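# Commentary on secondary and tertiary structure
Here are the chains, one letter per residue:
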Amino acid sequence: LFDFKIILGKNGVPVAENFRVEQSTIADTIQAGQVRVRTLYLSVDPYMRCRMNEETGSDYLLPWQLAEVADGGGIGVVEESKHQNLAKGDFVTSFNWPWQTAAVLDGSLLQKLDPQLVSGHLSHFLGAAGITGLTALLGVKEKGHVAVGAHQTMVVSGAAGACGSLAGQIGRLEGCSRVVGIAGTDEKCSILVQEMGFDAAINYKKGAVAEQLQELFPGGVDVYFDNVGGDISDAVIRQMNQNSHIILCGQISQYNKDVPYPPPLPPEIEKIREERNITRERFLVLNYMDKQEASVLQLCQWIQEGKLKVRETVVEGLENMGAAFQSMMSGGNIGKQIVSISK
């Protein structure tokens, strides 16, 4: 088998050379409770940047270890099983799937998947029907306080990414009257409006974000799904209304800097937040796993009905994990970044 290991320093911008592929072997026999799996899809996500530091800044994430196999969200198919609830041919997933073409895993740590829920698009379980979709849906519901009939306005930064592209659509489905995305290319902005139903999109690399927000939201912003932090978020917060809500999903503009999470706001912006009573609480989807099953079913229903449009950027081959990760961190993906390992 081939596996993917990490060789890195503590801070700075990740590059493909921080990773390497090695060839190794796995046990010929499996023990009771174990399964042998072939890897189908692996996920690269912004949170993984935290795992490249000795201190992840999070009590639920362990750092990747130098010269050890990296891991993350993954999907595979069972090829041999000694676990009572899993059989050959079953599709399974884990949040801690090793970056290997094949593996022997503890069956009790795997979740069995039903391909029919996603019309056979198994990779959706890493994105729109997985943790990414749950983050978008539960973030909007639990921290955005979106209510049908309230005519709330919503801004999403990092809007063409895996989570942002879903969050804007979910905001509309949950009752927002106007949804605007912020992205980094004209192509992304066009997809947000024409394909995903956003009312408008702002290319932050062209023109002043603050001025465009003022034009698009003369009555202010009620809900902000924040994936990026930094200057973009400062501009949005200036336009937010009294008693509005920030869904603190990610701060990708700050991940390569040695700052705490969530990063503190500049004094001027923090003063605005306090004076307007704007909520800005850390959101962790793992705190809402009691709502996972019902939420996944809701996401799958929306996908099947065509109400939730799903985009994926797929790269082929384990050897390209590092390049895919680097591209995702610099905005090279539209929708969820997936690495396809084998068919």
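Residues numbered from 1 in each chain as written. Predicted model: local features only at pLDDT ≥ 70, side-chain atom pairs only at ≥ 80, totals over all residues. Heavy atoms only, no water.

### Focus: helix 2 (residues 162-174)
Condition: Secondary structure is summarised from DSSP: a helix means a run of H or I of at least four residues, a strand means a run of E of at least two, and numbering begins at the N terminus for each. In a helix, the anticipated span is given by 1.5 Å times the number of residues less one. Only protein chains enter the accessibility calculation, which uses a 1.4 Å probe; a residue is then buried when its area is under 20% of its type maximum, exposed when over 50%, and partly exposed in between. The contact criterion used throughout is that any non-hydrogen atoms of two residues lie within 4.5 Å.
The end-to-end C-alpha distance of helix 2 is 19 Å, a good match for the 18 Å that 13 residues give at a rise of 1.5 Å each. Burial analysis of helix 2 places 11 of its 13 residues in the buried class, which makes it a mostly covered element. Listed as buried for helix 2 are Ala-162, Cys-163, Gly-164, Ser-165, Leu-166, Ala-167, Gly-168, Gln-169, Ile-170, Gly-171 and Glu-174. If you follow the buried residues of helix 2, they end up packed against helix 1 (131-143), strand 8 (153-157), strand 9 (178-183), strand 11 (221-226), helix 7 (292-304) and strand 15 (336-340). Backbone geometry just after helix 2 places Gly-175 at a positive phi near 130°.

### Side note on the packing of helix 1 against helix 2
The condition that has to hold: Orientation is described by lines fitted to C-alpha atoms, with helices fitted over the stretch in contact, and by angles between N-to-C directions that extend from 0 to 180 degrees. In what follows, roughly perpendicular refers to angles from 65 to 115 degrees, roughly parallel to angles under 35, roughly antiparallel to angles over 145, and oblique to any angle outside these ranges. Left-handed describes a crossing in which the near helix is turned anticlockwise from the far one by less than a right angle; the clockwise case is right-handed. All amino acids are sorted into three groups, where Ala, Val, Leu, Ile, Met, Phe, Trp, Tyr, Cys and Pro are nonpolar, Asp, Glu, Lys and Arg are charged, and the leftover types, Gly among them, are polar.
Look at helix 1 against helix 2: their axes get within 8 Å of each other, and the N-to-C directions meet at 40°. Taken together, the axes of helix 1 and helix 2 lie oblique to each other. Judged by the sense of rotation from one axis to the other, the crossing of helix 1 with helix 2 is right-handed. The residues of helix 2 that touch helix 1, namely those facing Thr-132, Gly-133, Thr-135, Ala-136, Leu-137, Val-140 and Lys-141, are Ala-162, Cys-163, Leu-166, Ala-167, Ile-170, Gly-171 and Glu-174. Across the contact of helix 1 with helix 2, the residue classes break down as 8 nonpolar, 4 polar and 2 charged.

### Considerations on the environment of Leu-299
Structurally, Leu-299 is set in helix 7. A residue is classified by how much of its surface remains accessible, and Leu-299, at 0% relative accessible area, is buried. Sequence spacing of Leu-299 and Leu-166 is 133 residues, and the spatial spacing of their C-alpha atoms is 9.8 Å.

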